[in-house]
Amino acid sequence: SARTRAKLMDAAAEVFAQEGLEAASVNEITRRADVANGTFYVHFKDKESIAAEVAARIGGDITGQIDQAMVDIDDGVERISFATRQFIHFGTHQPLWGWVLIRSGSYLPAMRRQMETHLYADLERCRLQGRISVAVDAFLVDAIMAVVFSALSARLRGDADEDAGSRASELVLNMIDVPQPLAHEVAWKAVELKELVLT
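Starting from 1, residues in each chain are numbered consecutively following that chain's sequence as written. Local features in a predicted model are, by the rule used here, given only for residues with pLDDT of at least 70; side-chain atom pairs are given and counted only at 80 or more, and totals for whole chains, interfaces and linings are based on all residues. The side-chain figures draw on all heavy atoms in the structure; neither hydrogens nor water molecules are used.

Student: Help me understand the overall build of the chain in this model?
Tutor: The helix and strand tally for the chain stands at 10 helices and 0 strands. Helix numbering and strand numbering both begin at the N terminus, where a helix is a DSSP run of H or I of at least 4 residues and a strand a DSSP run of E of at least 2. Along the chain, helices (α) and strands (β) appear in the sequence α-α-α-α-α-α-α-α-α-α when read from the amino end. For a compact globule of 199 residues, the expected C-alpha radius of gyration is about 16 Å, and the chain comes in at 18 Å, within 12% of that figure. For the chain, the C-alpha atoms occupy an extent of roughly 60 × 30 × 30 Å along the three principal directions. The buried share of the chain, reckoned over its 199 residues, is 49%. Any two residues whose heavy atoms approach within 4.5 Å are treated as being in contact. Considering only intrachain contacts with a sequence separation of at least 6, the fraction spanning at least 24 residues in the chain is 70%. Lys and Arg are tallied as positive, Asp and Glu as negative. Neither His nor the chain termini are counted. For charged residues, the charge sits on one atom: NZ in Lys, CZ in Arg, CG in Asp, CD in Glu. Each charge class in the chain was averaged separately, 21 positive and 29 negative side chains, and the resulting centres sit 4 Å apart. Based on C-alpha atoms, the radius of gyration is set beside the globule rule, defined as 2.2 Å times the residue count to the power 0.38. Only protein chains enter the accessibility calculation, which uses a 1.4 Å probe; a residue is then buried when its area is under 20% of its type maximum, exposed when over 50%, and partly exposed in between.

In structure tokens:
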């Protein structure tokens, strides 16, 4: 049933958050979902298939909600700053999902691709608006993602405080050659971050 499938996906997200994808087991997922191991295989081929679905759900939900929150922001620099801060805010205020993102991000290419697609679009918007002149390529996107994921990880470990989103945003804007005074202004500007909810 759809309810059992949802229970399995929620349990998988918890296990991935706590143990990471590689250490996670089907037995632990089914134990937390309170279903028999055989039930798992009615819904999913293996651990990797449930991980891919969990990743697609997380990636789609997060990027969709961040895009919706930015619907009135046209400036590419402001969009990149807002998305950076919003992503870190989300992962910090929903630590279960934050740890899923950190511990499973490199193993779940579907989630990462969705996030990269949105970042590429905003970087291209910046370029077309004449705001940046750096080459928009996979290296730049990977470097930006590394900064954002590192800031989220530091927040979740308690090694960074509430300003981690603005600090990461300013660093990202510096990486794409936004002039320092503007990068600082945009990264530290008061914005209303949304409380995102995964469905």
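Student: Would you mind showing me how to read the nonpolar core here?
Tutor: Nonpolar side chains tend to gather and get buried jointly when the protein is soluble and globular. Formed by 61 residues in total, the largest nonpolar core has its most connected members in Phe16, Ile29, Ile50, Phe87, Leu101, Leu123 and Ile176. With residues near it in sequence (within four places) discarded, Leu123 still touches Ile80, Ile132, Val136, Leu140, Val141, Ile144 and Ile176. Nonpolar cores are built from buried Ala, Val, Leu, Ile, Met, Phe, Trp, Tyr and Cys residues. Side-chain atoms within 4.5 Å join them into one set.

Student: Hey, could you run me through empty space enclosed by the protein in this one?
Tutor: Gaps left between atoms are located by rolling a probe of water-molecule size over the structure's atoms. We place a 1 Å grid over just the protein atoms. Points where a 1.4 Å probe fits but has no way out form a cavity, open points with protein on both sides within 12 Å along at least 5 of 7 lines form a pocket, and any residue with an atom within 4 Å of a point lines it. Grid points are joined across faces, edges and corners, and a volume is the space filled by probe spheres set on the points. Under the defined criterion, the tally for this structure stands at 1 cavity of 30 Å³ or more. Of the pockets and cavities examined, the largest cavity occupies roughly 270 Å³. Considering the residues around the largest cavity, the lining is formed by 17 residues, among which Ala83, Thr84, Phe87, Met115 and Leu119 are closest to the centre. For the lining of the largest cavity, the secondary structure elements donating two or more residues are helix H4 (47-69), helix H5 (76-93), helix H7 (109-128) and helix H8 (138-157). Within the lining of the largest cavity, the residues separate by chemical class into 12 nonpolar, 3 polar and 2 charged. Gly is put with the polar residues, along with every residue not named as nonpolar or charged; the nonpolar set is Ala, Val, Leu, Ile, Met, Phe, Trp, Tyr, Cys and Pro, and the charged set is Asp, Glu, Lys and Arg.

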